[in-house]
Amino acid sequence: MPPKKRNTGTPPNKDPKPNNKKTGPDGKDKSTISPDKHREKQPEFVALCEEISVSNTVCDHAWAVWATVAKSAEKVNSTNKHLWGACVFISASDLEDVHFTFTDFQKAVGMSVKQFINLLRRMDEKVDIISSKVNSIVTRLEKKYEVSLALYQRFLKTCDKIYSEPNDKRQELLRCTWIMFLLAKGSVLQMEDDLVIAFQLLLCVLEFCTKHCVSSLLQPLYKSVSMSTQGLPTRTSRRNKAKSQLAEVDVQLLETLCEESDCSVDEVKNVYQSSFCVFLDSMDLQGSQELPAVKTLSTKYEEMYRKNKDFDARLFLDDDETLRPEQTLVPKVEMTPRKTESGEEISPVPPQTPVRAVMNSIQQLRGELTSVSDQPSPTLLFYFKNCTVDPSDDITLRVEQLGQVFSQKFAQAVGQRCEGLGKKRFTLGVQLYYKVMESMLKSEEKRLSVQNFSKLLNNATFHTSLLACALEVVMATYVGGYMKNGGDESPETDLRFPWILDVFDLHAFDIYKVIESFIKAEPALKPDMIEHLGRCEQKILDSLAWKTDSTLFELLRQSREEGLGEQAEPPATLNQPLQHSHTAADLYLSPVRPSRRGPAPEADGPAPSSGPPPAPGPRQLRSNSLSLFYKKLYRMAYLRLKLLFSRLLGSHPDLEPVIWTLLQHTLQNEYELMRDRHLDQLLMSSMYAICKVKNVYLLFKTIVTAYKELPNTNQETFKRVLIRDGQYDSIIVFYNLVFMQKLKTNILQYSSPRPPPLSPIPHIPRSPYKYPSSPLRVPCGNVYISPLKSSRTAPAAMTPRTRILVSIGESFGTTADKFQKINQMVSSSDWSLKRGLDGDTAPKPLKRLRFDVDGQDEADGSKSSGESTLLQKLAEMSSARSRMQEQKLKEEEAERGEPEA
């Protein structure tokens, strides 16, 4: 089990006695297992539970889980003992009733960390028994193991540089150093999977142990440094010194270690002074002339490790099989030296270790910011003074206030004594913030030929968003390459996006406005960081921007009130190339020069169209952010649909545009369905609905199985969908009770011989950064439920025609009471399916299929298919002619030196 956060004050859990009765809040017996109570179970299973010291409740629950797993055991391809162990682990984690350390569990079932995690992943794919809670625990365990392994491997390499040839004394020294580091890490860090700070702490421990070991064990470089440590101050005199300072001899050795590791000396000094010295005091080692006894350190670590139900990281020293990494075979092609055209051999470059990779990334970032100040440059001050209202004081004050908030939140997440490190990372973020701001303003000056950016530079949200984006780059750089698989396959660490949004109380829709401009304005960004920012924007588009308190809904409401949201989608709009010409200044209402052609308002509706014809009257500057947001949303949604469709419905190519039309209609006209939900939930529901109405056999279970196999997916998307009022359930419940009820009128239109016109396929642009084109990872599962048969169901909720749209089959999950649960939801007095999500009355059940809700059959292509095709072609030709005329006018304006409005 992963460790709980430190400093919680939780007393150590003692091993329960065999007959020590315990009763949980539910009144169930949670005493240590009694074999007599489990005679109906296999003796080997009971013996395993007894060896691991689980409670009777966990044993019963695990046996029930095993009953489900046994049906598909051959698909998982593992021994019964391993599967039993997995069932016990799953049950204990779900019930939060764990009385064993993870290492004790491993020893009992005979699996390494990686073997166990791989087994659970296979079970997650083949059998739907892994809950979100267990998935989170396992992923965190895996991440902590990978970080610990990376640190141990780096520890060995560093020790090879410091110490002489292996012998018994050296082995004893290595054991002392490693266990001291484990104790220090557990004492100092709340986030034990933070690779950078943990490595910096390891350097502090190495410094302490190196200067206290005998010189005969040291390599020449460190022997010479160690000689200068002779005559260290006594413990009393050292304590009289200010704790904020290190003795010069200490600094010399620390600098040598940092130089060998490409690590920031300033940051390691900060860790030493703020955290490591406190740890030494707690161990009564401050000023000591000798190394502590290994037995003493090991006893203290044993207590900590058992308290946290952890894996025993001391076993790395013994190459224990429970912590042994998987052996990866290097392909022969990589081992063979390549040759240049001149015949010279090029030796293959070995892959960087996780520690080396993250240190190199940090060094590169710091190098790019070496010449940049954490104060506004003269160029920025020039722009500030040219504003109608000088923003200088507000900007400086805002940075100072946000810096205090950031460092405090950083310390809360990482460790209370790490506030100084948070300040250093914030300083790097401020340097990048000012650098990018200056680049943006120079670009805007060149584009618009103006120097007065008062409206933009006095916009507090713009500054907070830009600073948050800069800090996200810094924080992601420090997370490093070991999170390379990143995205949403694994749960976020405490400091990863969207952590920065919570720190600054910033809406995701606001930071979205600066991401693209930030990338363009900072050419020094590494490709992996550009990709990371692209993933951040993807998260905003598919879920974060749709939170209930998001500013996006206010913009949508305003647009709907003005009528823009109800405009028909122009056929040639979506398949036009997406021009990446919008800047953050545009999206934050930057002033622009008026056009000589006269004023024309900028429409900003949820559809990515230019809106209705311009209305007379004075021009009002408005944000393009909503229009651009929807353009990007549509294109990302289509890419995801196309990927999933290719895996499921390749033999029915005619269905892809129909599914896309339903999805696009939902996003444009029923966007309330996205509130506190995920784009992929609507995507899968749209695919199932069209297959239902088109009589194409496709089970929801099959859709989910294909979806979970895509990269970067998250089972939360599939297993935990908002139904109503904070109530969550599986996606099939959402489809039956929400999606299908809201859209049944529209869905049934596609069964007509004259269906609604199809939405054009979006043009896929060359993005300034590569979008991940795949959704988030989920496990497989049984996703079918019974139709709603309650006699109290409202007539509008179900008709003979709409009954065919309901998913019928196996229940999602492992419990059969899911059917009854859904019936109770529908029948409950406070859940009326007559109401839509926005409070409007649901459409009455259809007695016959209509071709269009508004009755506009002619305009919507309700004539024969030949006539519909002709009308669509004519519309496309007309639109193309309009675009050519607009392009010609723009070129004429460009020749006259006019900027785009």
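Residues numbered from 1 in each chain as written. Predicted model: local features only at pLDDT ≥ 70, side-chain atom pairs only at ≥ 80, totals over all residues. Heavy atoms only, no water.

## Describing the overall build of the protein chain
A count of helices and strands for the protein chain gives 34 helices and four strands. Within the protein chain, buried positions represent 53% of all 901 residues. Taking as baseline every contact in the protein chain between residues at least 6 positions apart, the subset at least 24 positions apart corresponds to 78%. With the model as given, the accessible surface of the protein chain reaches about 41,000 Å², and the carbon-plus-sulfur share is 50%. (Helix = DSSP H or I, 4+ residues; strand = E, 2+ residues; numbered from the N terminus. Buried < 20%, exposed > 50% of the residue type's maximum accessible area, 1.4 Å probe, protein only. Contact = heavy atoms within 4.5 Å. Areas by Shrake-Rupley, 256 points an atom, 1.4 Å probe, with all protein chains shown as cover.)

## What to know about helix 8 (residues 168–188)
The end-to-end C-alpha separation of helix 8 is 30 Å, in line with the 30 Å expected for 21 residues at 1.5 Å each. Within helix 8, 15 of the 21 residues are buried, leaving the element largely enclosed by the surrounding structure. The distance from a side-chain oxygen at the start of helix 8 to the backbone nitrogen of K169 is 3.0 Å, and the residue carrying that oxygen is N167. (Expected span 1.5 Å × (residues − 1). Polar contact = N/O pair within 3.5 Å; in protein donor to acceptor, adjacent residues only side chain to side chain.)

## Things to note about the nonpolar core
One finds F504, F518 and F629 to be the most contacted residues of the largest nonpolar core, which totals 245 residues. Among residues more than four places away in sequence, those in contact with F504 are L402, F406, F426, T464, L467, A468 and L471. (Core = buried A, V, L, I, M, F, W, Y, C linked by side-chain atoms within 4.5 Å.)

## Brief notes about the state of the cysteines
Under the counting rule described, the total for this entry stands at zero disulfides. Looking at the unpaired C209, the closest cysteine sulfur is the one in C176, lying at 4.8 Å. Not part of a disulfide, C469 finds its nearest cysteine sulfur in C536, a span of 7.7 Å. Judged by relative accessible area, C469 falls into the buried class, the value being 1%. (Disulfide = S-S within 2.5 Å.)

## Things to note about the pattern of salt bridges
Evaluated as defined, the whole model comprises 35 salt bridges. D320 is paired through a salt bridge with K107; the nearest N and O atoms lie 2.9 Å apart. Taken together, the residues span a long stretch of sequence, with D320 in the loop between helix 14 (294–307) and helix 15 (332–335) and K107 in helix 5 (residues 102–109) at a distance of 213 residues. For D320, a relative accessible area of 15% corresponds to the buried category. A salt bridge links E531 to R535; the shortest N-O distance between them is 3.6 Å. With E531 and R535 both in helix 24 (residues 527–542) and four residues apart, the pair spans about one turn of that helix. Relative accessible area serves as the criterion here: at 39%, E531 is assigned to the partly exposed category. The class for R535 is buried, based on a relative accessible area of 15%. (Salt bridge = Lys/Arg side-chain N within 4 Å of Asp/Glu carboxyl O.)

## With respect to the packing of aromatic side chains
This model, assessed by the stated rule, comprises 43 aromatic pairs. Consider the rings of F406 and F426, whose centres lie 5.6 Å apart with planes at 40°: the pair is tilted. Remark: F426 occurs in helix 19 (residues 419–448) and F406 occurs in helix 18 (residues 392–414); sequence separation between them is 20 residues. Each member of the pair, F406 as well as F426, is classed as buried. Where W546 meets F553, the ring centres are 5.8 Å apart and the plane angle is 75°; that geometry is what we call edge-to-face. A single burial state applies to W546 and to F553, both of which are buried. One aromatic cluster in this structure is built from F509, Y512, W546, F553, F629, Y630, Y634, Y638 and W660. Over the aromatic face of F311 sits the side chain of K144, whose NZ or CZ is 5.3 Å from the ring centroid. One residue, R720, lies across the ring of Y728, its end atom 3.8 Å from the ring centre. (Phe/Tyr/Trp six-rings, centres within 6.5 Å; stacked < 30°, edge-to-face > 60°. Lys NZ or Arg CZ within 6 Å of the ring centre and 35° of its normal.)

## A look at the confidence of the model for the protein chain
Of all residues in the protein chain, 68% have pLDDT values of 70 or greater, and the mean over the chain is 77. With pLDDT under 50 throughout, residues 590–623 is counted as low confidence; its partners more than four residues away or in other chains account for 78 contacts. Within the model, pLDDT remains below 50 along residues 829–871, and this stretch shows 63 contacts once partners closer than five positions in the same chain are excluded. (pLDDT = per-residue confidence, 0-100.)

## With respect to unusual backbone geometry
Cis geometry is found at the peptide bond from F497 to P498, where omega equals 10°. Counting through the fold element by element, P498 comes out in the loop between helix 21 (460–479) and helix 22 (499–504). With phi around 60°, D676 is a residue other than glycine that occupies positive phi space. Along the chain, the position of D676 falls in the loop between helix 28 (655–669) and helix 29 (679–693). When its relative accessible area of 27% is taken as the criterion, D676 is described as partly exposed. The phi dihedral of N695 falls on the positive side, at around 60°, and the residue is not glycine. For N695, the location among the structural elements is in the loop between helix 29 and helix 30 (700–708). For N695, a relative accessible area of 71% puts it in the exposed group.

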